[in-house]
Amino acid sequence: METRIETNSAGGRVLAYDGEELAGQLEFSFDGNVMRMDHTTAFKQGLGVGGTLVSAANDYALSEGLMVLPACSFAAAWYQRHPQFGDLLVERRP
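Being a predicted model, the structure only gives us computed values, none of them experimental.

J.: Before we move on, can you summarise the environment of A42 with the specific residues and values?
T.: Tracing the sequence through the fold places A42 in strand β4 (residues 34–42). For the pair A42 and L22, spaced 20 residues apart in sequence, the C-alpha to C-alpha distance is 9.2 Å.

Encoded structure:
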């Protein structure tokens, strides 16, 4: 699975490819130094696309010194399964 991260000043996407075919995407936004993972979509099932997307987004947050708010339920579940990254998480804001 190959991933690509695209960002702009408001946010961005993590794209996952299976060969040349788009297999899924994760959309994120920024609030200061917090990366909010807003939505994860897997277009192909059974390949671990969702986990690959959240893992790539997590790696991006680490490399950029960002905190993470896993707003989408899939990302939140991923962080529950990967407690070693708990120090990156921020509380959900009202």
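J.: Outline the pattern of salt bridges, listing residues and values.
T.: Taken as a whole and assessed by the stated rule, the structure comprises five salt bridges. Between R4 and E6 there is a salt bridge, with its nearest N and O atoms 3.4 Å apart. The class of R4 is partly exposed, set by a relative accessible area of 38%. Residue E6 is classed as partly exposed on the basis of its relative accessible area, which comes to 28%. The salt bridge involving R13 is made with E6; its shortest N-O contact spans 2.8 Å. In the salt-bridge network here, residues are joined through shared partners; they are R4, E6 and R13.

J.: Tell me about the nonpolar core, and name the residues and values.
T.: Membership of the largest hydrophobic core comes to 21 residues, with the highest contact counts inside it found for V14, L26, M35, M37 and V54. Listing elements by their share of this core, those giving two or more residues are β2 (11–18), β3 (21–31), β4, α1 (49–64) and α2 (73–81). In terms of residue count, the dominant contributor to this core is α1 (seven residues). When residues no more than four places from it in sequence are discounted, the contact partners of L26 are G12, R13, V14, M37, H39, T40, L53, V54 and A57.

J.: Break down α1 for me, with residues and values.
T.: When the terminal C-alpha atoms of α1 are compared, their 23 Å separation across 16 residues agrees well with the 22 Å that a helix rising 1.5 Å per residue should span. Along α1, the positions that sit buried rather than exposed are V49, G50, L53, V54, A56, A57, N58, Y60 and A61. Residues of α1 that are buried in the fold lie against β1 (2–7), β2, β3, β4, β5 (67–70) and α2.

J.: Give me the lowdown on the sheet that holds β1, citing residues and values where you can.
T.: Overall, mixed pairing links the five strands, which are arranged β1-β2-β3-β4-β5 in an open sheet. A single partner strand is all that each edge strand has here, and the edge strands are β1 and β5. When strand polarity is set aside, the average angle formed by the axes of neighbouring strands in this sheet is 25 degrees. Note that β3 and β4 share eight bridges and pair antiparallel. Each residue of the ladder has a partner; that of G24, found in β4, is A42. With respect to the sheet, α2 is in contact with β4 and β5, its orientation differing from that of β5 by roughly 120 degrees.

Definitions and cut-offs
- Residues numbered from 1 in each chain as written.
- Predicted model: local features only at pLDDT ≥ 70, side-chain atom pairs only at ≥ 80, totals over all residues.
- Heavy atoms only, no water.
- Helix = DSSP H or I, 4+ residues; strand = E, 2+ residues; numbered from the N terminus.
- Salt bridge = Lys/Arg side-chain N within 4 Å of Asp/Glu carboxyl O.
- Buried < 20%, exposed > 50% of the residue type's maximum accessible area, 1.4 Å probe, protein only.
- Core = buried A, V, L, I, M, F, W, Y, C linked by side-chain atoms within 4.5 Å.
- Contact = heavy atoms within 4.5 Å.
- Expected span 1.5 Å × (residues − 1).
- Pairing = 2+ DSSP bridges.
- Axes fitted to C-alpha atoms, helices over the stretch in contact; angles between N-to-C directions.

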